[in-house]
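# Reading the structure
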Amino acid sequence: MKVLSLDTSNQPLSVAILDDNRLLATTTITTHKKHAEFLMPIIEDLMKKSKLKPQDLDRVVVAIGPGSYTGIRIATTVAKTLAMTLNIELVTVSSLLNLALNFKDSQLLINPIFDGRNENMFTGLYKFHNGQPENVIPDQHTDLSEWLNQLKATNEKIIILGEIDSFAQKMKEKLGQHIILADPLKSIPSASELGIYGLHQKPVKDVDSVVPRYLRLTKAEADWRKLHPKEDTSNYVEKL
Amino acid sequence: MKDSLILSFETSCDETSVAVIKNGNQILSNIVATQIKSHQRFGGVVPEVASRHHIEQITGCIRDALNESGMSYPDFDGVAVTYGPGLVGSLLIGVNAAKTVAWAHNLPLIPVNHIAGHIYGANLVKQIEFPAMALVVSGGHTELVYMPKEDDFEIIGETRDDAAGEAYDKIGRVLGINYPAGKQVDQMAHLGKDVFHFPRAMDKEDNFDFSFSGLKSAFINTVHHADQINTSLDKNDLAASFQAAVVDVLSDKTVKALKEFPVKQLILGGGVAANLGLRDRLKKDLTDFPETELMLVPIHLCGDNAAMIGAAGAMLLRHHVFADASLNADPSLEFEYIS
Ligand SMILES: [Zn+2]
């Protein structure tokens with residue numbers, strides 16, 4: 001099976017092309033956040049170097065969020081449009097899980113973190129059993145102190161990775177020896193890992209309905225729902 | 001000549017639209033998913049909400065546009081997409097979807113300026129002839145564009161502050177009308193009289209630029225003042241007075257432009273081009289220009305839609321205007337100001 005996998009959830013951009021478990025080509029860039037400009041040319045280039053045409057693809061695997069709203073929309077738009085237009089399978093994977101996959105051989109708890117600014121974070125807690133992930137604490141948007149309380153209850157060693165710069169110090173203060181900082185190289189999401197993981201996942205049934213996993217309402221919608229708790233929110237877009 | 005077939009995308013604001021256009025003038029399909037109901041909750045377009053809706057809708061719109069047209073990918077000559085101006089988060093959905101389809105089916109990618117789309121909406125009714133002038137009026141734009149030939153767009157005048165449609169929405173709010181307010185204000189204007197004589201900003205100035213923020217403030221001050229002294233003003237008269245000022249300025253500047261730049265056609269496009277007061281006024285004013293044909297974009301094509309982008313895209317295809325896979329959204333894309 002020929003698989004294209006992509007992750008543009010945050011600053012890093014990672015694209016890979018696989019033939020089953022075999023990596024054919026991959027690119028990861030961390031210096032720019034120009035995903036809208038770079039993503040398609042990189043896909044084109046890697047496909048060419050893999051000697052594949054778009055029609056040769058069987059499956060697209062995308063990191064669907066959480067992450068930067070624009071970032072997850074770019075990869076998701078490309079992935080769902082490609083799946084639709086080529087009529088191929090689409091697999092979506094949590095962007096936090098994709099980062100955690102860098103430690104799929106570890107026995108420890110794995111805590112991927114994306115910085116949501118102002119002490120907020122997108123995060124979740126994972127543990128791998130023979131390479132298979134368990135989402136010990138579900139992916140969520142939360143703040144540092146609330147997250148520390150949840151982590152404290154586990155009373156186990158935890159590897160933290162991802163955008164940890166503004167959190168690591170405080171996490172060590174609160175949880176001491178339980179917190180282990182990941183090697184910086186392993187804090188970068190890998191589309192190769194994503195593609196290999198996505199090989200064995202179920203494709204989505206309805207490509208058209210796929211949306212990024214924001215894990216957070218827009219402020220306008222959150223405020224509005226507070227005032228209109230009972231309103232049906234499903235039919236806001238109408239075809240003319 | 002061989003037929004040309006374009007698959008076009010438009011997602012610059014709050015409509016997700018995909019169309020199939022033959023020879024730049026025939027609509028085989030034009031799917032428009034509008035988010036108006038969603039943004040009405042907030043009294044105006046919320047960019048992040050708009051972007052989220054676009055990604056929900058995009059592939060369904062492509063599917064419907066293809067099905068309705070009866071065409072399939074090998075039939076196409078190009079994929080056209082609005083890459084600006086507009087809301088960046090909204091533009092990005094259309095741009096990325098279009099790039100993906102173009103790459104997947106080895107089709108040329110055609111970058112289209114949204115304003116060129118509004119102008120080429122006219123081509124879906126009757127072939128545009130050059131030189132032509134266009135008055136493009138919408139919630140985001142108010143500009144006079146001179147076109148010496150089909151692929152040459154030169155701005156001769158534009159708004160210095162609010163767009164005309166934006167002013168309609170703002171005074172609509174004061175009148176208790178939800179966004180988008182244009183249609184209802186237009187209806188009320190037809191029932192009232194211009195009794196307030198609001199200022200016609202820049203009307204007498206020697207340029208082709210517009211300004212609507214002073215008019216908006218005068219309107220709001222008039223209503224607030226009446227509230228303070230506990231009198232109530234006739235809402236239809238308020239609407240009529242506001243619309244008279246807008247239409248006066250738009251038509252006066254257009255007439256001035258036609259005098260300086262004689263053209264074969266004057267095109268009225270953009271969301272506010274659906275305004276009946278403005279359409280009637282230009283019809284009347286154009287009787288002084290027997291050499292100039294008035295091209296009113298049909299009302300159902302005045303709002304944002306991909307059909308107009310496909311019409312402009314077909315023209316750009318003839319001129320071999322293509323983009324590569326690095327095409328990005330350009331939220332502040334503008335034509336050159338005439339030199
Ligand atoms: Zn528009």
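Since this is a predicted model, take the numbers as computed values, not measurements. (Residues numbered from 1 in each chain as written. Chains lettered and ligands numbered in written order. Predicted model: local features only at pLDDT ≥ 70, side-chain atom pairs only at ≥ 80, totals over all residues. Heavy atoms only, no water.)

## Section: the domain arrangement of chain A
All names here are of chain A. By the assigned domains, chain A splits into domain 1 (2–95 + 189–227) and domain 2 (96–187). Each of domain 1 and domain 2 was reduced to a C-alpha centroid, and the two centroids are 22 Å apart. Each partner contributes residues to the interface: domain 1 has 18 residues there, and domain 2 has 16 residues. A buried area of about 1,400 Å², summed over both sides, lies between domain 1 and domain 2, and 55% of it is on carbon and sulfur atoms. At the boundary of domain 1 and domain 2, one finds two salt bridges. The shortest N-O distance in the salt bridge between Asp-139 and Arg-213 comes to 2.9 Å. Across the contact surface, domain 1 and domain 2 share nine residue pairs in polar contact (both at pLDDT 80 or more). Among the elements that take part in the side of domain 1 that touches domain 2, helix α6 (residues 191–199) stands out by supplying three residues, more than any other. (Domains from an automatic or database assignment. Contact = heavy atoms within 4.5 Å. Buried area = accessible area lost by both parts, 1.4 Å probe. Salt bridge = Lys/Arg side-chain N within 4 Å of Asp/Glu carboxyl O. Polar contact = N/O pair within 3.5 Å; in protein donor to acceptor, adjacent residues only side chain to side chain. Helix = DSSP H or I, 4+ residues; strand = E, 2+ residues; numbered from the N terminus.)

## Quick notes on the pairing of strand β2 (residues 15–22) of chain B
All names here are of chain B. Across the eight residues that make up β2, a large majority, seven, are buried. Alignment of strand β1 (residues 5–10) against β2, held across six bridges, turns out to be antiparallel. The partner of Leu-5 across the bridge, within β2, is Lys-22. Relative to strand β3 (residues 26–34), β2 is paired through eight bridges, and the arrangement is antiparallel. By the bridge assignment, Ser-17 is partnered in β3 with Val-32. Where β2 hands over to β3, the hairpin turn is made up of three residues, of which Asn-23 adopts a positive phi near 55 degrees. (Buried < 20%, exposed > 50% of the residue type's maximum accessible area, 1.4 Å probe, protein only. Pairing = 2+ DSSP bridges.)

## Structural notes on the coordination of the zinc ion
Residue and element names in this part refer to chain B. At 2.1 Å from the zinc ion lie its protein donor atoms, namely His-114 (NE2), His-118 (NE2) and Asp-304 (OD). Between consecutive donors of the zinc ion, the numbers of intervening residues give the motif H-x3-H-x185-D. Of this pair, His-114 and His-118 both sit in helix α4 (residues 114–120), separated by four residues, roughly a single helical turn. One exposure class covers both His-114 and His-118, and it is buried. (Donors = N, O, S within 2.8 Å, 3.2 Å for Na, K, Ca; no water.)

## Examining the interface of chain A and chain B
Tallying the contact residues gives 41 residues for chain A and 39 residues for chain B. Taking both sides of the interface into account, the surface hidden between chain A and chain B amounts to around 3,800 Å²; carbon and sulfur atoms contribute 64%. By the criterion of area lost to chain B, the three top residues of chain A are Tyr236(A), Val237(A) and Lys239(A), representing 16% of everything that side buries. Here chain A and chain B share five salt bridges between them. In this structure, Asp208(A) and Arg63(B) form a salt bridge, with 2.8 Å as the shortest nitrogen-oxygen distance. Applying the counting rule to chain A against chain B returns 15 residue pairs in polar contact (both at pLDDT 80 or more). Elements with a minimum of two residues in the side of chain A that touches chain B: α1 (35–49), α2 (69–86), α7 (219–227) and β11 (238–239) of chain A. Across the side of chain A that touches chain B, the residue classes break down as 24 nonpolar, eight polar and nine charged. The pairing of β11(A) with β3(B) spans two bridges and is classified as antiparallel. Bridge pairing in β3(B) links Glu238(A) to Thr34(B). (Nonpolar A, V, L, I, M, F, W, Y, C, P; charged D, E, K, R; others polar.)

## Here we look at the pattern of salt bridges
Residue and element names in this part refer to chain A. Under the definition given, this model contains 31 salt bridges over all chains. Salt-bridge contacts for Lys-49 lead to Asp-45; the nearest nitrogen and oxygen are separated by 3.0 Å. Taken together, the positions of Lys-49 and Asp-45, both in helix α1 and four residues apart, correspond to about one turn of that helix. Given the relative accessible area of 32%, Asp-45 is considered partly exposed.

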